[in-house]
Amino acid sequence: YCSVIPGEARVAGQGWLDERGITYQYRDIKEDKPTTIELQEWTGRSGYPLKAFFNTSGQKYRELGLKDRLPKLTDQEKIDILASDGMLIKRPLLVGENVVLVGFKEPEWENLLNEPHKHENAQKGVFLILQEDFQGGLIGEPGADTSVMI
């Protein structure tokens, strides 16, 4: 997931993938927000604490007073809140068969996506980068030959 503000880390993640020829499918976070089932699966296998999925610097997060509310909520309640509005989700969110990355941290992306030989059970993966519509829809073709092994 990325925002429409050029030059932010969210856009850098997309550029990073493009520069390396890594194929991904682009989803508009406002039009095609993640479901609770997707979020349960992604948060469960990501290795990140659930709070890491929240866009804590976003206007909606502040409007809902989530800074104070989150510690009192169950994990399911947090997932339900994330699923209610895609702009509450930290972006970019990159999902592959064996990886879920939240936010653009270049060293982490480099380690997990550029050096797949380091990881056991490497499989061919198609990435899904979900973001607010920035460049007009689908970018890359799912399953193309340039998909990375993860």
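Participant: Before we move on, could you go through the side chain of S46 and cite the residues and values that matter?
Facilitator: Structurally, the position occupied by S46 is in helix α2 (residues 36-46). Within the structure, the side chain of S46 is placed 3.2 Å from the backbone oxygen of T43, a separation counted as a polar contact. Setting aside its immediate chain neighbours within four residues, S46 contacts F53 and V100.

Participant: Explain the packing of α2 against helix α5 (residues 75-84) to me, and be specific about the residues and the numbers.
Facilitator: The angle between the axes and the distance between the axes are what describe a pair of packed helices. Between α2 and α5, the shortest axis-to-axis distance is 9 Å and the interhelical angle comes to 125°. In terms of orientation, α2 lies oblique with respect to α5. Crossing of α2 over α5 shows right-handed handedness. In this structure, α2 uses T36, L39, Q40 and T43 to contact α5, whose residues at the interface are Q76, I79, D80, L82 and A83.

Participant: Describe the pattern of salt bridges, and please don't skip the residues or the numbers.
Facilitator: Under the defined criterion, the tally for this structure stands at 6 salt bridges. Between R20 and E106 there is a salt bridge; the shortest N-O distance is 3.9 Å. Of this pair, R20 sits in the loop between α1 (9-19) and β1 (24-28) while E106 sits in helix α6 (residues 106-114), placing them 86 residues apart in sequence. For R20, a relative accessible area of 28% gives the class partly exposed.

Participant: Quick rundown of the nonpolar core? Include the residues and the values.
Facilitator: In terms of nonpolar packing, the biggest core is built from 31 residues, with L17, L82, L93, W109 and L113 touching the most fellow members. Every element with two or more residues in this core is listed here: α1, α2, α5, β2 (93-96), β3 (99-102) and α6.

Participant: Could you give an account of the environment of N55, with specific residues and numbers?
Facilitator: Turning to its location among the elements, N55 is positioned in the loop between α2 and α3 (59-63). The sequence separation of N55 and K90 amounts to 35 residues, and the corresponding C-alpha distance is 4.1 Å.

Participant: Explain the environment of L112 to me, and be specific about the residues and the numbers.
Facilitator: Checked against the element boundaries, L112 lands in helix α6. When the C-alpha atoms of L112 and V99 are compared, they prove to be 7.8 Å apart, with 13 residues separating the residues in sequence.

Participant: Describe the confidence of the model for the chain, naming the residues involved and giving the relevant values.
Facilitator: Looking at the chain as a whole, the pLDDT averages 74, with 67% of positions reaching at least 70. By mean pLDDT, strand β4 (residues 127-131) is the weakest element of the chain at 57, and α5 is the strongest at 97. Below pLDDT 50 for its whole length, residues 1-10 participates in 40 contacts with residues either more than four positions away or in separate chains. Predicted confidence is poor over residues 116-126, with pLDDT under 50, and the contacts of this stretch with residues over four places away or in other chains come to 29 contacts.

What counts, and where the lines are drawn
Residues numbered from 1 in each chain as written. Predicted model: local features only at pLDDT ≥ 70, side-chain atom pairs only at ≥ 80, totals over all residues. Heavy atoms only, no water. Helix = DSSP H or I, 4+ residues; strand = E, 2+ residues; numbered from the N terminus. Polar contact = N/O pair within 3.5 Å; in protein donor to acceptor, adjacent residues only side chain to side chain. Contact = heavy atoms within 4.5 Å. Axes fitted to C-alpha atoms, helices over the stretch in contact; angles between N-to-C directions. Parallel < 35°, antiparallel > 145°, perpendicular 65-115°, else oblique. Left-handed = near helix turned anticlockwise from the far one by under 90°. Salt bridge = Lys/Arg side-chain N within 4 Å of Asp/Glu carboxyl O. Buried < 20%, exposed > 50% of the residue type's maximum accessible area, 1.4 Å probe, protein only. Core = buried A, V, L, I, M, F, W, Y, C linked by side-chain atoms within 4.5 Å. pLDDT = per-residue confidence, 0-100.

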